[in-house]
Structure formats: C-alpha cells, structure tokens
Amino acid sequence: MLTKLFINGKWEDAASGKTFPTINPATTEVIAQIAEGGAEDIDRAVKAARAARGGPWGKMNASERGRIIWKMGERLLERAEEIARLETMDNGKTITESSKIDVPYSADLYFYYGGAATKLEGHTIPVNGPYFNYTLREPLGVVGLIVPWNFPLLLASRKVAAALAAGNTVILKPAAQTPLTALVLAEIGMEAGLPAGVLNVVPGHGSTAGAALVKHSDVDGIALTGGTSTGQQLMRDAAATVKKLHLELGGKSPNIVFADADLEAAAKMALMGIFYNKGEVCTAGSRLLVEKPIYDGFMEKVVERAKKMQPADPMDPKSRLGPLVSETQLANVKKYIEIGEKEGARLLVGGRQPEPTPGKGYFFQPTIFDNVQPTSTIAQEEIFGPVLATLTFQDGDELLKIANGTMYGLAAAIWTKDIKKAHRLAKALKAGTVWINTYNNYDAAMPYGGYKMSGFGRESGMEAFEFYTQSKSVWVDLS
Ligand code: NAD
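Residues numbered from 1 in each chain as written. Predicted model: local features only at pLDDT ≥ 70, side-chain atom pairs only at ≥ 80, totals over all residues. Heavy atoms only, no water.

*Asks:* Break down the overall build of the protein chain for me, with residues and values.
*Replies:* Helix and strand counts for the protein chain come out as 16 helices and 20 strands. Taken against the 2.2 N^0.38 rule, which gives 23 Å for 479 residues, the C-alpha radius of gyration of the protein chain at 23 Å falls within 12% of a compact globule. By principal-axis analysis of the C-alpha atoms, the protein chain measures approximately 70 × 60 × 40 Å. Expressed as a percentage of its 479 residues, the buried residues of the protein chain come to 57%. Entry remark: accessible area of the protein chain is about 19,100 Å², with carbon and sulfur atoms responsible for 53%. Side chains of the protein chain give 52 positive and 52 negative charges; the mean places of these two sets differ by 2 Å. (Helix = DSSP H or I, 4+ residues; strand = E, 2+ residues; numbered from the N terminus. Rg over C-alpha atoms; globule rule 2.2 N^0.38 Å. Buried < 20%, exposed > 50% of the residue type's maximum accessible area, 1.4 Å probe, protein only. Areas by Shrake-Rupley, 256 points an atom, 1.4 Å probe, with all protein chains shown as cover. Lys, Arg positive; Asp, Glu negative; His and termini not counted. Charge placed at Lys NZ, Arg CZ, Asp CG, Glu CD.)

*Asks:* Explain the sheet that holds strand 13 (residues 287–291) to me, and be specific about the residues and the numbers.
*Replies:* Spatially, 14-15-16-13-12-17-18 is the arrangement adopted by the 7 strands of the open sheet, whose pairing is mixed. The sheet terminates laterally at strand 14 (346–349) and strand 18 (433–436), the two strands that pair on one side only. Here the average twist between neighbouring strands, direction ignored, is 25 degrees. Looking at chain direction, strand 12 (residues 254–257) and strand 13 are connected through 4 bridges and run parallel. Residue Pro-254 lies in a different strand from strand 13, and its bridge partner there is Arg-287. Relative to strand 12, helix 10 (residues 263–275) is tilted by about 170 degrees, and along the sheet it contacts strand 12, strand 13, strand 15 (367–370), strand 16 (387–393) and strand 17 (411–415). Sheet strands in contact with helix 12 (residues 327–342) are strand 14, strand 15 and strand 16, and its direction is about 20 degrees off that of strand 15. (Pairing = 2+ DSSP bridges. Axes fitted to C-alpha atoms, helices over the stretch in contact; angles between N-to-C directions. Contact = heavy atoms within 4.5 Å.)

*Asks:* Which residues make up helix 3 (residues 62–78), and what values go with them?
*Replies:* In a regular helix each residue adds 1.5 Å, so 17 residues correspond to 24 Å; helix 3 covers 24 Å between its end C-alpha atoms and thus fits that length. When we look at burial in helix 3, the residues that qualify are Arg-65, Gly-66, Ile-68, Ile-69, Met-72, Gly-73 and Leu-76. Viewed along the axis of helix 3, the buried residues span an arc of 160 degrees, placing them on a single side of the element. Within helix 3, the exposed residues directed more than 90 degrees away from the buried face are Arg-67 and Glu-78. Where the residues of helix 3 are buried, they touch helix 2 (56–59), helix 4 (80–91), helix 5 (95–116), helix 6 (152–165), helix 7 (180–192) and strand 9 (199–201). (Expected span 1.5 Å × (residues − 1). Arc of directions from axis to C-beta.)

*Asks:* Before we move on, can you summarise the nonpolar core with the specific residues and values?
*Replies:* Counting 95 residues, the largest nonpolar core has Tyr-113, Leu-172, Phe-298 and Tyr-468 as the members making the most contacts within it. The element contributing the most residues to this core is helix 6, with 10 residues. Of the domains in this structure, domain 1 (5–249 + 454–477) and domain 2 (254–443) are the two that each give at least three residues to this core. With residues near it in sequence (within four places) discarded, Phe-298 still touches Val-257, Leu-263, Ala-266, Ala-267, Leu-288 and Val-290. (Core = buried A, V, L, I, M, F, W, Y, C linked by side-chain atoms within 4.5 Å. Domains from an automatic or database assignment.)

*Asks:* Which residues make up the pairing of strand 17, and what values go with them?
*Replies:* When you tally the buried positions in strand 17, you get 5 out of 5 residues, the bulk of the element. Of the two faces of strand 17, the one lined by Ala-411, Ala-413 and Trp-415 and the one lined by Ala-412 and Ile-414 are each fully buried. Bridge count between strand 12 and strand 17: 3 bridges; the pairing is parallel. Paired with Ile-256 across the strands is Ile-414, a residue of strand 17. When strand 17 meets strand 18, the two strands line up parallel, connected through 4 bridges.

*Asks:* Just give me the short version of the domain arrangement of the protein chain, but keep the residues and values in it.
*Replies:* On domain assignment, one finds that the protein chain holds domain 1 (5–249 + 454–477) and domain 2 (254–443). With centres defined by C-alpha atoms, the gap from domain 1 to domain 2 works out at 31 Å. Listed per partner, the contact involves 29 residues of domain 1 and 32 residues of domain 2. In total, domain 1 and domain 2 occlude about 2,400 Å² of area from one another, counting both sides; carbon and sulfur atoms represent 59% of this. Linking domain 1 with domain 2 are 0 salt bridges, by the criterion used here. Here domain 1 is connected to domain 2 by 11 residue pairs in polar contact (both at pLDDT 80 or more). (Buried area = accessible area lost by both parts, 1.4 Å probe. Salt bridge = Lys/Arg side-chain N within 4 Å of Asp/Glu carboxyl O. Polar contact = N/O pair within 3.5 Å; in protein donor to acceptor, adjacent residues only side chain to side chain.)

*Asks:* I'd like a rundown of the pairing of strand 12, residues and numbers included.
*Replies:* Residue alternation in strand 12 divides its side chains into two sets, Pro-254 and Ile-256 and Asn-255 and Val-257, and both sets are buried. In this view, the connection linking strand 12 to its parallel neighbour strand 13 by way of helix 10 has right-handed handedness. (Right-handed = clockwise from strand over helix to strand, strands pointing away.)

*Asks:* Pulling in residues and values, what's your account of the pattern of salt bridges?
*Replies:* Enumeration according to the criterion identifies 22 salt bridges in this entry. With a closest N to O distance of 2.7 Å, Glu-191 and Arg-75 form a salt bridge. Of this pair, Glu-191 sits in helix 7 while Arg-75 sits in helix 3, and the two are 116 residues apart along the sequence. The exposure class assigned to Arg-75 is partly exposed, which follows from its relative accessible area of 23%. Of the charged contacts in the structure, one is a salt bridge between Lys-159 and Glu-459, with a shortest N-O distance of 3.0 Å. With a gap of 300 residues between them, Lys-159 in helix 6 and Glu-459 in the loop between strand 19 (455–456) and helix 16 (465–468) connect regions that are remote in the sequence. Judged by its relative accessible area of 1%, Glu-459 falls in the buried class. Residues joined in a network through salt bridges with shared partners are Arg-75, Glu-78, Arg-79, Glu-82, Glu-187 and Glu-191.

*Asks:* An account of the site of the ligand is requested, with residue identities and associated values reported.
*Replies:* As a structural note, the neighbourhood of the ligand is formed by 28 residues, with Val-147, Thr-230, Leu-249, Cys-282 and Glu-382 the closest of them. Here an oxygen atom of the ligand sits 2.9 Å away from a polar atom, N or O, in the side chain of Lys-173. In this structure, an oxygen atom belonging to the ligand sits 3.3 Å away from a main-chain N or O atom of Gly-226. Breaking the shell around the ligand down by element, the ones donating at least two residues are helix 8 (206–215), strand 10 (221–225) and helix 9 (228–239). In terms of residue count, the dominant contributor to the shell around the ligand is helix 8 (4 residues). Tallied by class, residues from the shell around the ligand come to 16 nonpolar, 9 polar and 3 charged. Taken domain by domain, the shell around the ligand gets at least three of its residues from each of domain 1 (5–249 + 454–477) and domain 2 (254–443). (Near = heavy atom within 4 Å. Nonpolar A, V, L, I, M, F, W, Y, C, P; charged D, E, K, R; others polar.)

Printed below as a string of structure tokens:
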C-alpha cells in the first residue's frame, strides 16, 4: 500500500518524519500510517511543480498531454477493482458505489479532459484601428488542489484532469481521512507518462499542509472542495498573495415533489437523493419538500422504503449503506438528531446507530424527520449524513421562499409531470444544478458548481477552464 508523499516523481517521508493513521470506518481499525505533509513538504512540492512547468510538460504539444491524461483513465479502469476496494476501505462507501460510480466516473473525467486538451482555443478580437488582436489561453501555472473525504478519487480527478489538460502542474492535498486513492493516482500518473513534478500528492491536515499550500507565494491558484467555513478561511488566507480561487462548498438542496408527479419514482429517488453515499454528498437532497395534498400518502412510501435500508458491511456487494467516514462525523450527525428533536421535529424513522452495529464501525440508521420548520437548524445547516428533513408547501410563492431560503445554492430537484411548471421553477431556483424528474446525475461534460455560499466557479466540462487557464491579449500593429 502506498503511504508516502509523492514529490517530484519520488516517494518520500515527511520532512518532520511524522505520520498519521487512516482508519477503516467499518471496523475502526487503522489501515495504514501515512506520511504527514507539512509546510516544508508543501514548499518542496511547489518548487518541483514550478520547475516542471518550465520542463518537458510546459513544452509538450497539447495532443501529447491529452494522450497521457487519456492513459490515466485507462490505467484507472485496468486497476478498477483494487482502487474500488481501497476507496471503500478508506471511506466506508459501499463497494457497489465505489466500483459502479467512483472509479468509472473518475476514468471518464480523464477521457473527457484528454480530448479537451486540444480544444482550448483563443479568439481574434475586432478591435478599433489598424491592429490585429488575438487572445492566447494559457495555463494558470502551479495549482493547489484541496479535496474532501466523501468522494476522494472522484473529486480529485475532477480537478486533476482539468488542471493537467490546461497544462498546469499540480499539488494535490487529499483529506486526512481518505488519502489512499490520491496516492494511487500519483502512481497512475507516473505509469501514464507524466514527467516528474507535474503531479505531486501531499497528504496532511488542512490547518498545516492545506494552509501552507494556500499561503504559498509561488502557487497561482487553489481549487477547493470542502465546507463553506473552510472556503471562507481560504479566502482570508489567499488574500495576501491575491491568489485565484475556485470554491466548491456545502449544500442543503431542496428535493421538491408536486402532487402531479410520478410518486413511485419520486419516493425511490428521494431516498437515493439523501442516502446515497450515506448522505455524505454535497448535493444530497437533504430537504424533501412535499406538496401538502399528497404529503401523508407520499411519506408512507418513503418511510416504508427507508425502513428496509439497513446499514451493512460496505464490502458486501448487497450492502446499500456503509458507515459514516469517521467518529467525528458520527458525533456530528448525532448532535443534529438531538437538535432536531429539541426543535420539535418528529422522528419518523432511524435516529440512532443500528443495534447490533455491523462490525464496530460508525454506522447510522437512515433517518427521516418531519414537522420540520423551514428556518429550523436541521432545515438550514448541512448535516452531511443520512438525515432527511421533510417539509410541506403550497404551490406558489411559499415554495420558492422555502426552496431558496438557505445560505446554500448547490442543487435542487423538481418532480412533476407539468413541463411548463418544471422549467419555470428550474429558472427561479437559486442553484448551480437543477434536476427534473431525476436526481444526482453527473457527467464529465456538465458544468458543476454552486450559487450563493455554495461557492463560485464551475468544474467539469469546458467551463472548468475558466479557472485553470488565463487569457492573454496580444496586439499587433498593422499600419
Ligand atoms: P473540510 O472543509 O473540512 O475539508 C476539505 C479539505 O480542505 C480537506 O482536504 C481539508 O484538509 C482541507 N482544509 C481544511 N481546512 C483548511 C485550511 N484552513 N486551509 C487549507 N485546506 C484546508 O470538508 P470535509 O469535512 O472534508 O468535507 C465535507 C464538506 O465538503 C461539506 O461541507 C461538503 O458539502 C463539502 N463538499 C462540497 C462539494 C461540492 O462539490 N460543492 C463536494 C463534496 C463535499
């Protein structure tokens, strides 16, 4: 198992000699001790990345770069089984999710951006006077990519593939809870032909390695996926060096069910919306908004299905719900259950750890609250666990007020057979992604990001290059 820092094409110990444990949340056992990167290691990685920008990578044709990135996707698929197992072991997501979603979707990102490397074009601009003006789309330079623990490989790949396609060099800092697949990515990059220093991977903690990367004066930009308070801290830390930022932050997404919807499909996907990846999903449909006349009948369907979803060993292909990622996350979810009950919400199902707990892990029952007030804590704050807050609405102004009534704006879903109503509402919702009669669809080609305090900038698709490139305007005198 890979456990060291990957800097300038070599596996290295941390300068401090420190390590930290990564834990299997299904068993609470230590999987491995990982080299703990700190400021000195980040500095070495930045120097390697800067040197690599001026080396063969900086001079390579875009098509050649594209072929290496494509090859990374192929290597990921060749090693899919091993990588899916590592991801499940480190994060607790089910093996079905790791192998059917995380690994193939990550590979898709390398295929998409492998092709995109040759599609980055500038413009010719019709300026006044006897001049010719054109723009060059150039890489940002050295970029720091900081990712969370909920989709370790996938969220790293979203950033790494786009950053490399644009010709940048990278320092990737995975979350301390889940460093294993990021280290495999470093190996895959090397196998695919990335020159030394192009992709460096430095596991470590946010307050040390992460902060050092953000404050480093020779890093040109930071892309973060993380919590909103982390994003705010990054904005403060990046100010001194006026660093370009791309922030993908939290969410509290409304999943809206109208009386005229296909209720079977809506009930099934309401569960998928909140319990997929144990609710540790930034776009989780954590607020279920149901139109009043159908509320009781619809909730019966939802609760009946939730009762059948018991947490189980994530390595078992039949398991539909694994453990939460860590003890801290479990404590966080329990805290919100208490808050919900104190605020007068009613527990319809779940609310505690299953008994007996499978293994010794951080398992939690699928939980549904109703009688939730739109302004209450559990309707406003991101829980990041398998906890659904259900609310009712009357169609019209009340719905929009509730749906848009949090500080977040990451995603939303609408269930109705009325196509006009669906599109009107899709336009009015303040969210970066809106699903109509579906939930949680993603594609490498689709721009993805948040409104309001869910962040700014878009990743995936060609829009990701707004962050990973900068444009240069060139004037030529023709007189
Ligand atoms: P987190 O913000 O605590 O950590 C995310 C990453 O940032 C980790 O690598 C962490 O080490 C690093 N970090 C923390 N403090 C830092 C600092 N001061 N400087 C630099 N780096 C720092 O988030 P988490 O608990 O790992 O993940 C959960 C959060 O991520 C949730 O709020 C969730 O909504 C969000 N998330 C958002 C998206 C999205 O696409 N918008 C996707 C997944 C997760």
